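Notes for the structure review
The residues making up each chain are set out below.
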Amino acid sequence: MTIRKSAASIALAATTAVLITSCSAGGSKAAAKGPQTKPIANAASSIDKSTWPHATPTAGLAKGLSLPLEAYMESYQDTVALDNAQRHLEATCMAGYGFHVTFPPAGQTPPPSADDSNMPRRYGITDRALAQKYGYGLPDGMQHQQGTRMPKLTKAQIEVLTGRTGIRHSPADPAPAKAPSTYQGKSIHKDGCAGWADDQLGTRNMNLSQVSRLDGESLTRSQQTPAVRNAITAWSKCMGGKGYTVDSPYHADRIAPHAEGSPSKTEIAVAVTDIDCKKSTDLVRIWFTEDSRIQKQQIKDHQSELDALRTRRIHAVDAAHHALNG
C-alpha cells in the first residue's frame, strides 16, 4: 500500500520510494501559478472514502476478525494521511525554490484490504456475496484502477525534490548521481525536499518490514499446525464431494481460472462451493485461532521492537495530521 510497509517498503529506501510516488513521468505540467493554501488537504476532502477498505472485514466468514499483529501495521487510512502530508510538505518546500507544483491527493486507488494482513482473503476467499458476483475476482472498481497521475517535473525540479540528478525506478537501477548542493544560491536539503519532508514527519528510513515478516511467518506456521491441517483436509473432502479435486484453499482458483470480464458460471460455482465448504468445516475460525496464537507469541518475543515501531508510526501519523490541518 505504501513505501513504509509491505513488499515495497522492504525493497526500496525512503528516497527511492518518494521518487516513484511523487515524480513519475506523465500527467499535467507543473502549475505556473503561486502555491495554493493546503492544496492537498483541500483536494483530499473530496475523495470518495466509501470505497476504502474497512479496518476489519464487515461481511463473510472473516467478518470482525483482526489479528494481533494488525495493531502494529500501518492502516490504509494512515497510509493516505502520511502520503498526503508528504506531498504537501514537498510542495511547500519546492515553493521555497520558486517551483509551484501541485501533487494530487492520495486515497484515489484503494486496495482490497486495509493492511498487510489481507484478512478478507488471508485464508482464501471468504465473502459469499462477492463470490456469487465476481467469482475469485475483485469488485469492478478494483479491477482497472488507473493509478494516481503525477505532474511531470523538470530536471531542476527533480534535483530540488530528491537531491539527485534523476529518478531511480527500481532497486535494480543504479542510484542517480547527487544533485548540485545548491539551486540558484539556495542550499538543497539532504535528499532534497523529499528528505526534508521525511524529517518533518519522522519517517526517514522508517521500516515496518519486521511486522510484515512476522505476519507472513505466522500464516505459514499456522498452516502447518495439526488443527489447520485437519481443517484443510476436511475442506478438501467437502470440495471433493461436490466434484472438485483440490488440496488447498490457495489452489481452488485453479479449478476454473479467473478471466478478465464477467466470471464464468463454473468459476462462480467453484467459488461459492469453496466458501460453503469453509463454513461447514469451520476452516476460517480454526485457522484464525491458530494464526492468532502464533502471533501473540511473536509479539511477546519481539515486544520492545514492535512497541518502538508502533510508537514511531503513531507519532508520524500525528505529525501528518498536524502538517495537513495545522
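Turning to the state of the cysteines, a few remarks are in order. A full pass over the atoms with the stated rule returns two disulfides. Linked covalently through their sulfurs, cysteine 93 and cysteine 193 form a disulfide whose S-S length is 2.1 Å. Around the S-S axis, the bridge from cysteine 93 to cysteine 193 shows a dihedral of about -70° and counts as left-handed. With a gap of 100 residues between them, cysteine 93 in helix H4 (residues 76-95) and cysteine 193 in helix H8 (residues 192-201) connect regions that are remote in the sequence. Disulfide pairing places cysteine 238 opposite cysteine 277 at an S-S distance of 2.1 Å. Between cysteine 238 and cysteine 277, the disulfide has an S-S torsion of -75° and is therefore left-handed. Linking cysteine 238 in helix H10 (residues 226-241) with cysteine 277 in helix H11 (residues 265-281), this pair joins segments that are 39 residues apart in sequence. A relative accessible area of 1% places cysteine 277 in the buried class. Ordering the disulfide-forming cysteines of the chain by sequence position, one finds them joined as 1-2, 3-4.

Rules used throughout
Residues numbered from 1 in each chain as written. Predicted model: local features only at pLDDT ≥ 70, side-chain atom pairs only at ≥ 80, totals over all residues. Heavy atoms only, no water. Disulfide = S-S within 2.5 Å. Helix = DSSP H or I, 4+ residues; strand = E, 2+ residues; numbered from the N terminus. Buried < 20%, exposed > 50% of the residue type's maximum accessible area, 1.4 Å probe, protein only.

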